[in-house]
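If you want the building blocks of each chain, they are given just below.
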Amino acid sequence: MAQLIYNSLDSSVHPSKLYPDYKSTILRAPSQPMIVLPQGLSEMNGPVFGDYSLGAFDHDLTKNAVVNGDPLGERIVVHGKVLNENGQPIPNTLVEIWQANAAGRYVHKVDKHEAPLDPNFLGTGRCRTDKEGYYCFYTIKPGAYPWGNHFNAWRPNHIHFSLFGPNITTRLVTQMYFPGDPLLQYDPIFQSVPEKGRPLVISSFDLDRTEPDFALAYRFDIILRGPSTTPFEKL
Ligand SMILES: [Fe+2]
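Residues numbered from 1 in each chain as written. Predicted model: local features only at pLDDT ≥ 70, side-chain atom pairs only at ≥ 80, totals over all residues. Heavy atoms only, no water.

(A) Representation of the overall build of the protein chain within the structure. Looking only at helices and strands, the protein chain features 3 helices and 11 strands. Going residue by residue from the N terminus, the α and β elements of the protein chain occur as α-α-β-β-β-β-β-β-β-β-α-β-β-β. In summary, the protein chain has a C-alpha radius of gyration of 18 Å against a globular reference of 18 Å for 235 residues, a match within 12%. For the protein chain, the C-alpha atoms occupy an extent of roughly 55 × 45 × 35 Å along the three principal directions. (Helix = DSSP H or I, 4+ residues; strand = E, 2+ residues; numbered from the N terminus. Rg over C-alpha atoms; globule rule 2.2 N^0.38 Å.)

(B) Molecular detail of the nonpolar core. Ranked by internal contacts, the top residues of the largest apolar core, which has 21 residues, are Val95, Tyr135 and Phe161. Looking at this core, the elements that each hand over two or more residues are strand E1 (75–83), strand E2 (94–98), strand E4 (134–140), strand E7 (158–164) and strand E8 (171–177). Counting residues in each nonpolar core, the second largest holds 8 residues, with Tyr177, Leu184, Ile189 and Phe190 among its members. (Core = buried A, V, L, I, M, F, W, Y, C linked by side-chain atoms within 4.5 Å. Buried < 20%, exposed > 50% of the residue type's maximum accessible area, 1.4 Å probe, protein only.)

(C) A look at the coordination of the iron ion. All of the protein donors around the iron ion are Tyr106 (OH), Tyr145 (OH), His158 (NE2) and His160 (NE2); their distances to the metal are 1.9 to 2.3 Å. In this structure, the iron ion is coordinated by 4 donor atoms arranged in irregular fashion, with angles at the metal of 91 to 160°. Binding-site remark: the iron ion is held by donors from one chain whose sequence spacing is Y-x38-Y-x12-H-x1-H. Of this pair, Tyr106 sits in the loop between E2 and strand E3 (124–128) while Tyr145 sits in strand E5 (residues 145–146), and the two are 39 residues apart along the sequence. Since its relative accessible area comes to 14%, Tyr106 is described here as buried. Residue class for Tyr145 comes out buried when judged on its relative accessible area of 11%. (Donors = N, O, S within 2.8 Å, 3.2 Å for Na, K, Ca; no water. Tetrahedral: all angles 85-135°; square planar, octahedral: opposite > 155°, others 65-115°.)

(D) Examining the layout of surface pockets more closely. Of the pockets and cavities examined, the second largest pocket occupies roughly 1100 Å³. If you trace the second largest pocket, you find 47 residues lining it, with Tyr22, Arg28, Gln175, Ile189 and Glu233 closest to the centre. Secondary structure elements with two or more residues in the lining of the second largest pocket: helix H1 (24–28), E5 and E8. The element best represented in the lining of the second largest pocket is E8, accounting for 5 residues. (1 Å grid on protein atoms, 1.4 Å probe; cavity = no way out; pocket = protein on both sides within 12 Å on 5 of 7 lines; lining within 4 Å. Points joined across faces, edges and corners; volume = space filled by probe spheres on them.)

(E) Examining empty space enclosed by the protein more closely. Per the counting criterion, the structure on display carries 1 cavity of 30 Å³ or more. Each pocket or cavity is described by its volume, and for the largest cavity that value is around 30 Å³. If you go around the largest cavity, the residues you meet are Asp60, Thr62, Lys63, Arg75, Ile76, Tyr138, Thr139 and Phe214. When contributions to the lining of the largest cavity are tallied by element, the ones reaching two or more residues are E1 and E4. Partitioned by chemical class, the residues of the lining of the largest cavity number 3 nonpolar, 2 polar and 3 charged. (Nonpolar A, V, L, I, M, F, W, Y, C, P; charged D, E, K, R; others polar.)

(F) Region of interest: the side chain of Asn101. Note that Asn101 resides in the loop between E2 and E3. A polar side-chain atom of Asn101 sits 3.0 Å from the main-chain carbonyl oxygen of Pro116. Here Asn101 is in contact with Pro116, Leu117, Asp118, Phe121, Lys141, Pro142 and Gly143, once residues within four sequence places are set aside. (Polar contact = N/O pair within 3.5 Å; in protein donor to acceptor, adjacent residues only side chain to side chain. Contact = heavy atoms within 4.5 Å.)

Take a look at the structure:
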């Protein structure tokens, strides 16, 4: 029986490492052809993520950094499943997110955007997928922010995602966007994703998961490989 082999470096799915409109790729993209290293002992005996315990509010960014009140902005639920190419769930995946606050400001020393920090919002969270591959975060809808890529450059609203499988060599990184964002067409980072992959990094509004009188919900399933794989910026 023939074995299907998916190329994790498939440039028809994942963003190119060199995308000149995204200027920092010019400096960091490899200038030589990539070498695929064979997997070895380091994948087998490297650091692993086991049954460590997560904090009770690690998945709830509206609570995990509270100092003196609720964070400002629009509360949202961001949830979905991590799946393989056959739609089967991937349990025990560590899902980490980081994002700007509602005003479009990160808690980071190099973020000089003249927008307020929120003393009650750190913008980071993590959870682990359950046996159904399901994850769920509560957070604040991130604001757009300017960046220095070109004149009047603004990032669309987005949340950064990192996934760790069973060990530290199995990390995948991507970004989740919001439906209908007018900035998507102007954003070189989003546009660096090949056209057929762009819908796969845009979440869908999920009325069924919305919590009445509390929060809207967005669904973002992450598919690890195959023809519908989620585009990843770091593989
Ligand atoms: Fe960002």
